[in-house]
Amino acid sequence: MIMPSTLPIPLFRRLGAAGLLLSSALLANCGGSSDAAGTPPATVDADAPPTVDTATLSAQSVAIGGFTYDTARMVPWQSAVTVPGRLMLDPSALETIGSITEGRITHVLVRVGDRVQAGQVLVLIHSHEIMDARGALAGAIAKLSAAEAERDLAVSAADRAARLLEAKAMSRAEVERADVVRRVAAATYAQALAERDRAVAMIDHLVGKGKVPALADEHDVLIRTPIGGVVTSRVAQPGTVVLPGTPLVSVGNPDRLQLQMHVSAEAAAGVQVGATVRFALTESPTSKMSATVTRLAPTVDTLTRTIEVIAVPTRGVRPGRAESFVQADISGRGGALALVVPASSVQALEGDTVVIVADQRGEGLHIEAVRVRTGRRAGDRTEILSGLSLGRRVISGSAAIAKAELIKRRSPDGA
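Residues numbered from 1 in each chain as written. Predicted model: local features only at pLDDT ≥ 70, side-chain atom pairs only at ≥ 80, totals over all residues. Heavy atoms only, no water.

1. Looking at the overall build of the protein
Looking only at helices and strands, the protein has six helices and 22 strands in total. Across the 415 residues that make up the protein, the buried fraction comes to 33%. A separation of at least 24 residues holds for 73% of the contacts in the protein among residues at least 6 apart in sequence. Surface summary for the protein: the accessible area is close to 23,900 Å², and the carbon and sulfur share equals 55%. (Helix = DSSP H or I, 4+ residues; strand = E, 2+ residues; numbered from the N terminus. Buried < 20%, exposed > 50% of the residue type's maximum accessible area, 1.4 Å probe, protein only. Contact = heavy atoms within 4.5 Å. Areas by Shrake-Rupley, 256 points an atom, 1.4 Å probe, with all protein chains shown as cover.)

Next up, the structure:
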């Protein structure tokens, strides 16, 4: 019987040099053989487990790393399409203000980028229409005054005729004629009042209600903005002759933006109203924001052969400035359940695909590179086929820093 064969291999390893001496002694006592130098036969463990990449980080290292975390979870798998897009002002919050009269622009009071309030005067236009309107108002007021006097006189005459009829001093026919005159006078007064109101409304249309700039005169039509916001474009220039409807200034609400994207007809088949969009500005690709699809164009664009998709950023999100370019991931319909982690959690470690898991150790952190097999990837999610259990806490932000720490531990002089 050879005694060393009964010694468990792990224990044999732990004994180290002492184990070699002990086995040599056992061989000698039991009549075992050895080579000429007295060295025992080498033992090779073919089933030794691979190196485990772990590290324990101090609280200070964790703070410097700036790690963020997520959890491996089962969710309905959603395909995603990645497309470029742009932020644009919501058309319902954008107003293109045009001329309401024919005339010559005398002053433009705003520039692009100025913030304006509803009712504020933007442009002054010298126009004959305002003079005509003021003349019409003066005439209407004069007619109203005359009609009012005639009405009062007719009412007085009708009342007198009624009293004379009771005293049998006037015939019924004369009383009826006086009543007709009273009604005609009342109708004339009503017409004059309507003309006066029309003239006033015309003045209000051309001048508006609110503060009048000091440099405006009675020959100027005042162009006001109906909404508050920021001036996004200005076409009007002093000295230009304009017609009714000529665009002058555009004002929009910079806080109401929407995301415009164009996807192929095939990709749009999996997108529906209510789908989630994850997007980031091209200059800040790591700062992800969310939006919700609100509209899919019913037709294909004849030039690009794509379908327009409109999404509205989540309430409270301030994505940036209008006309900024973004990279967007549009999620499709949900499918079967799949184990997923953030795409940023998946790292390549010297030929292996790993996910770095993290467990709290007091104020520090114990990290481990777990080898995994990945499947599909959609947007910022990656499917895990094997190697990672449900609910494991993984590093999602700054995972590359954690990987670098593990690589350092692999080096002979690593900490």
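Still more to cover.
2. Things to note about the sheet that holds strand β7 (residues 121-126)
In space, the four strands of this open sheet follow the order β8-β7-β5-β10, with antiparallel pairing throughout. Strand pairing shows two members of the sheet lacking a second neighbour, β8 (220-224) and β10 (241-242), which therefore form its edges. When strand β5 (residues 103-108) meets β7, the two strands line up antiparallel, connected through four bridges. When the bridges of β7 are listed, I105 appears paired with I125. (Pairing = 2+ DSSP bridges.)

3. Things to note about the sheet that holds strand β9 (residues 229-234)
Here we have four strands laid out as an open sheet, ordered β4-β11-β9-β6, and antiparallel in their pairing. Each of the sheet's edge strands pairs with one partner strand only, and the pair in question is β4 (94-98) and β6 (115-116). Here β6 pairs with β9 via two bridges, running antiparallel. What sits directly across from V116, in β9, is G229.

4. Overview of helix α4 (residues 172-207)
Every α-helix carries 3.6 residues per turn, so stepping three or four residues along brings you back to the same face. Its 36 residues give α4 an end-to-end C-alpha distance of 53 Å, which sits within 8% of 52 Å, the value for a rise of 1.5 Å per residue. Every buried residue of α4 is listed here: V175, A178, A185, Y189, A192, A199, I203, L206 and V207. The inward-facing, buried residues of α4 contact α3 (128-166) and β8. (Expected span 1.5 Å × (residues − 1).)

5. Description of a nonpolar patch on the surface
A contiguous nonpolar patch, built from M74, L337 and L390 and spanning about 320 Å² of accessible area, is present on the exposed surface. With respect to the secondary-structure elements, M74 resides in strand β3 (residues 73-89). Since its relative accessible area comes to 40%, M74 is described here as partly exposed. (Patch = residues over 30% accessible without salt bridge, like charges linked within 9 Å, V, L, I, M, F, W, Y side chains within 5 Å. Salt bridge = Lys/Arg side-chain N within 4 Å of Asp/Glu carboxyl O.)

6. So, the side chain of D90
For D90, the position within the fold is in the loop between β3 and β4. Classification of D90 by relative accessible area gives buried; the value is 17%.

7. Notes on the confidence of the model for the protein
When pLDDT is averaged across the protein, the result is 83; 85% of the residues are at 70 or more. Note that pLDDT drops below 50 for residues 1-50; the model gives that stretch 18 contacts with residues more than four away or on any other chain. (pLDDT = per-residue confidence, 0-100.)

8. Things to note about the packing of aromatic side chains
Under the definition given, this model contains zero aromatic pairs. For the cation-ring pair, R151 lies above Y189, with the distance from its terminal atom to the ring centre recorded as 4.1 Å. The ring of Y69 carries R393 above its face, with NZ or CZ at 3.8 Å from the centroid. (Phe/Tyr/Trp six-rings, centres within 6.5 Å; stacked < 30°, edge-to-face > 60°. Lys NZ or Arg CZ within 6 Å of the ring centre and 35° of its normal.)

9. Concerning unusual backbone geometry
Here the phi dihedral of E323 falls at roughly 75 degrees; this positive angle occurs in a residue that is not glycine. Within the fold, E323 resides in the loop between β15 (306-313) and β16 (325-342). Despite not being glycine, E350 shows a phi value in the positive range, around 50 degrees. Relative to the helices and strands, E350 resides in the loop between β17 (346-349) and β18 (352-361). Using a relative accessible area of 54% as the deciding quantity, one classes E350 as exposed.

10. Considerations on the pattern of salt bridges
When the charged atoms of two side chains lie near each other, side chains of opposite charge can form a pair. In this structure the tally under the stated criterion is 14 salt bridges. In this structure, K288 engages D329 in a salt bridge whose closest nitrogen and oxygen atoms are separated by 3.5 Å. Placement of the pair is K288 in the loop between β13 (276-281) and β14 (289-296) and D329 in strand β16, with a sequence separation of 41 residues. Judged by relative accessible area, K288 falls into the partly exposed class, the value being 33%. Relative accessible area serves as the criterion here: at 8%, D329 is assigned to the buried category.

11. Let's talk about helix α6 (residues 399-410)
Counted at 1.5 Å a residue, the expected span for α6 with its 12 residues is 16 Å, and the 17 Å between its end C-alpha atoms agrees. Restricting attention to buried positions, one finds in α6 the residues A399, A402, K403, E405 and L406. Taken around the axis of α6, the buried residues stretch over an arc of 155 degrees, which confines them to a single face. At its buried positions, α6 is contacted by β1 (54-57), β17, β18, β19 (364-371) and β22 (393-397). (Arc of directions from axis to C-beta.)

12. Thoughts on the packing of α3 against α4
Contact pair α3 / α4: the axes reach a minimum separation of 7 Å and the direction vectors enclose 160 degrees. Judged by the angle between their axes, α3 and α4 are roughly antiparallel. As α3 runs across α4, the sense of the crossing is left-handed. The class makeup of the residues in the contact of α3 with α4 is 29 nonpolar, one polar and 11 charged. (Axes fitted to C-alpha atoms, helices over the stretch in contact; angles between N-to-C directions. Parallel < 35°, antiparallel > 145°, perpendicular 65-115°, else oblique. Left-handed = near helix turned anticlockwise from the far one by under 90°. Nonpolar A, V, L, I, M, F, W, Y, C, P; charged D, E, K, R; others polar.)

13. A look at the side chain of E405
Structurally, E405 can be placed in helix α6. Look at E405 and you get buried, because its relative accessible area is 17%. Those residues within four positions of E405 in sequence are excluded, and the remaining contacts are A55 and L57.

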